[in-house]
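Residue-level listing of the chains:
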Amino acid sequence: MPHRFDIAIIGGGAAGVLAAIQCLRQATMPLRIVLFEPGPRLAEGVAYATDRAEHLLNVPTGRMSALPDLPDDFLDWRCARPGHTEAARGALAHGYAPRREYAAYLRARLAQARQASHASLDILPWRIDDLARDADGWTLGAGAARAQARRVLLATGNSPRPLPARGAHDLEPALQVEAWDYAGVAAIDPDAEVCIVGTGLSMADVLLTLAGQGHRGAIHLLSRHALLPLPHATAQVADEDFQVQPLHAMPLRARLRALRRGMRAAAARGLPWQATMERLRPHGQALWRSLPDAEQRRFLRHAVRHWDIHRHRIAPSVHAVLQTLREDGRLHLHRARLESVAATAGGVRLAARTGDGRALELAVARVVNATGLELRVQAMRSPFPAQLLDTGHARLGAHGLGLATDAEGRLLDAAGHPQDDLRAIGSLRIGEAWESIAVPELRVQAEAIARAWTGGDP
Ligand SMILES: Cc1cc2nc3c(=O)[nH]c(=O)nc-3n(C[C@H](O)[C@H](O)[C@H](O)COP(=O)(O)OP(=O)(O)OC[C@H]3O[C@@H](n4cnc5c(N)ncnc54)[C@H](O)[C@@H]3O)c2cc1C
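Since we're looking at a predicted model, the values are computed, not measured. (Residues numbered from 1 in each chain as written. Predicted model: local features only at pLDDT ≥ 70, side-chain atom pairs only at ≥ 80, totals over all residues. Heavy atoms only, no water.)

J.: Help me understand the packing of helix α7 (residues 252-268) against helix α10 (residues 293-311) in this model?
T.: To describe two helices that pack against each other, one gives the angle between their axes and the distance between the axes. Two numbers describe how α7 lies on α10: the axes approach to 10 Å, and their chain directions differ by 30°. In terms of their interaxial angle, α7 and α10 are classed as roughly parallel. Contacts between α7 and α10 involve L252, R253, L256 and L259 on the former and, on the latter, E295, R298, F299, A303 and W307. Each residue belonging to the contact of α7 with α10 can be placed in one class, and the counts come to 6 nonpolar, no polar and 3 charged. (Axes fitted to C-alpha atoms, helices over the stretch in contact; angles between N-to-C directions. Helix = DSSP H or I, 4+ residues; strand = E, 2+ residues; numbered from the N terminus. Parallel < 35°, antiparallel > 145°, perpendicular 65-115°, else oblique. Contact = heavy atoms within 4.5 Å. Nonpolar A, V, L, I, M, F, W, Y, C, P; charged D, E, K, R; others polar.)

This is how it looks when you write it as structure tokens:
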């Protein structure tokens, strides 16, 4: 078989590319690696595919290195770019780069790693739709094409959630714009009345684009909780006095109380509340794993939305745009659950229900779906990860989120046995790790998987 590899990586978004970089860097012998990515460009996925300058990273440049052993690597890369100078290094380190630069950076590091490696990398534009174990490892299928690999890494990434409303399926595409269809959002008529469903980070992207186009029409924001993203503090400090260790032994409520107390104590010392969250940030996975199953469920049911807005913050400049739109009275925030959408002569009618049971109707020209990522594999748009459940190569992750893995990313098969030669990186590991989507986690996972798979084993 011409397509025979040592390591196959399914998905060439940021996570798959980080894993390829690490396998290439760590290989001590001529391994054959393949990266399957059907999209036009590597390292983009939904997060970094935007070519719009207003879409910023929500992590400062100084913390977005692809390489755990070179923490300033992204900063170094940006400083060396035309238009940036070494003198501006401090400001760059604390600033928020346009997201489009991040994919370019990852591709540059992949090219470097490829050139310097003992291993080879093939990049094939296949969408893998089948995975079967055989005597030599795995057979991967994409339509009629077949490849073999001894080890397989699932890096299939983020799956945007469909609009959760009756009638959404029948709404013609021109009326329903996906938040990650960056060109589609930019093409919305500036006078159109718009409803953005979902009030998280992708809603902020949509608002930035609309504001940048001088949008004049009314903008409705609708979500069940109506909580808007919060900003990073201007100085990104961690409150080193806040004691994280005791939290591990506490139930959820006590943890949240301790967190609020910590924030008040930080404020008394002149620190912003964000400093307490910064202190917690490196402990996210351990804190999740130390919560008993029922407490994790309680967190998902009652606390996750509040957690998200405090944990996943936006650049201060992005928050300022949001505030200005609010103060100008151009944003109308609705706390309600969307029930149905239907086409009308002028656009779309949305029917929703507020928390106290009242019906809410909105008539707009366009509805924008900014409801975020689907973390339940059975509800994902791509059937591939869910197929692994049917074939017994995987079982559902905790609380139905992602797939079940151990802490090293080995997929558990239907009987619960970890498979050393079938691993996952990124959002598929969210049930086990919770913090498993952002680059600071992805780069560590990529490094560890490459170490396990390239450590002198041909
Ligand atoms: C809008 C947005 C902004 C973000 N901003 C930040 C940030 O500032 N900082 C940060 O640290 N993190 C950020 N994140 C988190 C971000 O998700 C990750 O950093 C990263 O993009 C995840 O990469 P991934 O490769 O796991 O998934 P994806 O980016 O979704 O890539 C998965 C890839 O797999 C391919 N694929 C899927 N199925 C198959 C298949 N069957 N066969 C072959 N290929 C397949 C897809 O084509 C895709 O290219 C952001 C996320 C979003 C959505």
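On we go from here.
J.: Would you take a moment to explain the layout of surface pockets for this structure?
T.: Here the idea is plain: a probe the size of a water molecule rolls over the atoms and shows the empty space left. When its volume is computed, the second largest pocket comes out at roughly 210 Å³. In terms of lining, the second largest pocket is formed by L256, L259, R260, M263, F299, H302, A303, H306, W307 and H310. Breaking the lining of the second largest pocket down by element, the ones donating at least two residues are α7 and α10. Per-element accounting of the lining of the second largest pocket gives the leading share, 6 residues, to α10. Considered class by class, the residues forming the lining of the second largest pocket number 6 nonpolar, 3 polar and 1 charged. (1 Å grid on protein atoms, 1.4 Å probe; cavity = no way out; pocket = protein on both sides within 12 Å on 5 of 7 lines; lining within 4 Å. Points joined across faces, edges and corners; volume = space filled by probe spheres on them.)

J.: Which parts of the structure should I look at to understand the site of the ligand?
T.: As a matter of local geometry, the ligand sits amid 32 residues, with E37, Y48, N58, N158 and V439 nearest to it. One of the side-chain N or O atoms of E37 is found 2.6 Å from an oxygen atom in the ligand. For the ligand, a nitrogen atom lies 2.9 Å from a polar atom in the backbone of I128. Within the complex, 92% of the 990 Å² of free accessible area of the ligand lies under protein. When residues of the shell around the ligand are traced back to their parent elements, those giving at least two are α1 (14-26) and α14 (439-454). Per element, the largest residue contribution to the shell around the ligand is 3 residues, and it comes from α14. Considering only residue class, the shell around the ligand consists of 21 nonpolar, 8 polar and 3 charged. (Near = heavy atom within 4 Å. Polar contact = N/O pair within 3.5 Å; in protein donor to acceptor, adjacent residues only side chain to side chain. Areas by Shrake-Rupley, 256 points an atom, 1.4 Å probe, with all protein chains shown as cover.)

J.: Looking at this structure, how should I read the pattern of salt bridges?
T.: Any two side chains of opposite charge can pair, on the condition that their charged atoms come close. Tallying each qualifying case throughout the model produces 37 salt bridges. Where D6 meets R150, a salt bridge forms, and the shortest distance between an N and an O atom there is 3.2 Å. Linking D6 in strand β1 (residues 4-10) with R150 in strand β6 (residues 145-154), this pair joins segments that are 144 residues apart in sequence. Residue classification places D6 among the buried residues on the basis of a relative accessible area of 16%. With relative accessibility at 29%, the residue R150 sits in the partly exposed group. Between R107 and E44 there is a salt bridge; the shortest N-O distance is 3.4 Å. Remark: E44 occurs in the loop between β2 (32-36) and α2 (73-79) and R107 occurs in helix α4 (residues 99-116); sequence separation between them is 63 residues. Among the residues examined, R107 registers a relative accessible area of 27% and is labelled partly exposed. Via salt bridges that share partners, D406, E408, R410, D420 and R423 belong to a single interconnected network. (Salt bridge = Lys/Arg side-chain N within 4 Å of Asp/Glu carboxyl O. Buried < 20%, exposed > 50% of the residue type's maximum accessible area, 1.4 Å probe, protein only.)

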